[in-house]
Amino acid sequence: AMRKGFTLVETLIVISVTAVLATVVFFNSFNFKRSQDLDFDAKTIVAVLRDAQQRAIVQEEDSAWGVYFNNLASGDYYELFKGASCPGIMVSRKALKSSVEFVNPPANGCIQFGKLTGAPSGLNSIVIQITGDPSSSKNITVNPNGAISY
């Protein structure tokens, strides 16, 4: 007589395949989110750099403007500041996403933009990466003419 239904082996195979597929989907979505965080932080840093440069060019508050980058044990963040010295008077502060870290600067540093010209001084490269993953990084550069790219 034929029995209807699934055997134990068939059921275990289906459960195993489902578990493997679920694991693959989970890790791919986790890596995708970290990649999105990296891209978001790179775009935000570029926007803050361009904002500082623009404020310096129009001489807002009759001041030079810049961005201070902190890569110390207290946490990775960057600040928009005004003033002739680094870090100057903080205007705003943004922290990197928890899955992203600074590689360069190694400790801290500034990019400052001169009044009227917007000419940069200080750092010329900011590198961020997915925490603990040097193969996933973004390099933000400010060339001597002031062009900002990543």
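Criteria and thresholds
Residue indices begin from 1 for each chain and proceed along its sequence in written order. Side-chain atom pairs in this predicted model are given and counted only at pLDDT of 80 or more, local residue features only at pLDDT of at least 70, and totals for whole chains, interfaces and linings cover all residues. Heavy atoms throughout the structure, all of them, feed into the side-chain values; hydrogens and water do not. Strands are runs of DSSP state E lasting at least two residues, helices are runs of H or I lasting at least four, and both sets are numbered from the N terminus onward. Our radius of gyration is a C-alpha quantity, and the globule rule it is checked against amounts to 2.2 Å times the number of residues to the power 0.38. The buried label applies to any residue whose accessible area, calculated with a 1.4 Å probe on protein chains only, is under 20% of its type's maximum; exposed applies above 50%, and partly exposed to all values in between. Any two residues whose heavy atoms approach within 4.5 Å at even a single point are treated as in contact. What sets the accessible areas is the Shrake-Rupley method with a 1.4 Å probe; for residues, cover comes only from the shown protein chains. Two strands make a pair as long as DSSP finds a minimum of two bridges between them. Helix axes use the C-alpha atoms of the stretch in contact, all axes being lines fitted to C-alpha atoms, and the angles between their N-to-C directions lie in the range 0 to 180 degrees. What counts as a salt bridge is simple: a side-chain nitrogen of Lys or Arg found within 4 Å of a carboxyl oxygen of Asp or Glu. Ring pairs shown here join Phe, Tyr and Trp side chains whose ring centres sit within 6.5 Å, with only the six-membered ring taken for Trp; geometry is labelled stacked below 30 degrees between planes, edge-to-face above 60, and tilted in between. Should the NZ of a Lys or the CZ of an Arg lie within 6 Å of a ring centre and within 35 degrees of the ring normal, that charge is described as sitting over the ring.

1. Examining the overall build of the protein chain
Next, step 1: Helices and strands together make up the secondary structure of the protein chain, namely 1 helix and 9 strands.
Next, step 2: Secondary structure elements of the protein chain occur, N-terminal to C-terminal, as α-β-β-β-β-β-β-β-β-β.
Next, step 3: Here the C-alpha radius of gyration of the protein chain, 24 Å, is well above what a compact globule of 150 residues would show, namely 15 Å.
Next, step 4: When each of the 150 residues of the protein chain is scored for burial, the buried share is 34%.
Next, step 5: If you take every contact in the protein chain between residues at least 6 apart in sequence, the share linking residues at least 24 apart comes to 56%.
Next, step 6: Summed over its atoms, the accessible surface of the protein chain is roughly 9,100 Å², and 60% of this surface lies on carbon and sulfur atoms.

2. Here we look at the sheet that holds strand E3 (residues 89-95)
Note: strands within a sheet are paired through backbone hydrogen bonds, in either parallel or antiparallel orientation.
Next, step 1: If you walk across this open sheet you meet the 5 strands as E3-E2-E1-E5-E6, and the pairing is antiparallel. The open sheet has two edge strands, E3 and strand E6 (120-122), and neither has a second partner. Within the sheet, the average angular offset between the axes of one strand and its neighbour, ignoring direction, is 20°.
Next, step 2: Relative to E3, strand E2 (residues 75-82) is paired through 6 bridges, and the arrangement is antiparallel. Bridge pairing in E3 links phenylalanine 81 to methionine 90.
Next, step 3: Each of strand E1 (65-72), E2, E3 and strand E5 (108-113) is contacted by helix H1 (residues 8-57), which is oriented at about 145° to E1, the strand it contacts most.

3. Some details on the sheet that holds strand E9 (residues 148-149)
Next, step 1: As summarised here, the arrangement of the 4 strands in space is E4-E7-E8-E9, forming an open sheet in which the pairing is antiparallel. Where the open sheet ends on each side, the last strands, each with one partner, are strand E4 (100-104) and E9.
Next, step 2: Relative to strand E8 (residues 133-142), strand E7 (residues 125-130) runs antiparallel, the two sharing 6 bridges. Each residue of the ladder has a partner; that of isoleucine 130, found in E8, is aspartate 133.
Next, step 3: Where H1 meets the sheet, its contacts fall on E4, E7, E8 and E9, and the angle it forms with E8 comes to roughly 15°.

4. Here's the deal with the side chain of threonine 44
Next, step 1: Looking at the element boundaries, threonine 44 is found in helix H1.
Next, step 2: Ignoring anything within four residues of it in the chain, the contact list for threonine 44 reads Tyr78 and Lys94.

5. So, the pattern of salt bridges
Next, step 1: Going through the model one piece at a time under the given rule, you end up with 8 salt bridges.
Next, step 2: For aspartate 39, the salt bridge identified is with lysine 138, shortest N-O distance 3.4 Å. In this pair, aspartate 39 is assigned in helix H1 and lysine 138 in strand E8, connecting sequence segments 99 residues apart.
Next, step 3: The partner of glutamate 79 in a salt bridge is arginine 93, and the shortest N-O contact between them spans 2.6 Å. A residue pair is termed long-range when its members are at least 10 positions apart, and glutamate 79 in strand E2 and arginine 93 in strand E3 qualify at 14 residues.
Next, step 4: Put simply, Asp39, Lys43 and Lys138 are held in one network by salt bridges that share partners.

6. What about the packing of aromatic side chains?
Next, step 1: For the coordinates displayed, the defined rule picks out 3 aromatic pairs.
Next, step 2: Grouping aromatic residues by their ring pairs yields a cluster made of Phe69, Tyr78 and Phe102.
Next, step 3: The ring of tryptophan 65 has arginine 55 sitting right over it, with the charged end atom 4.8 Å from the ring centre.

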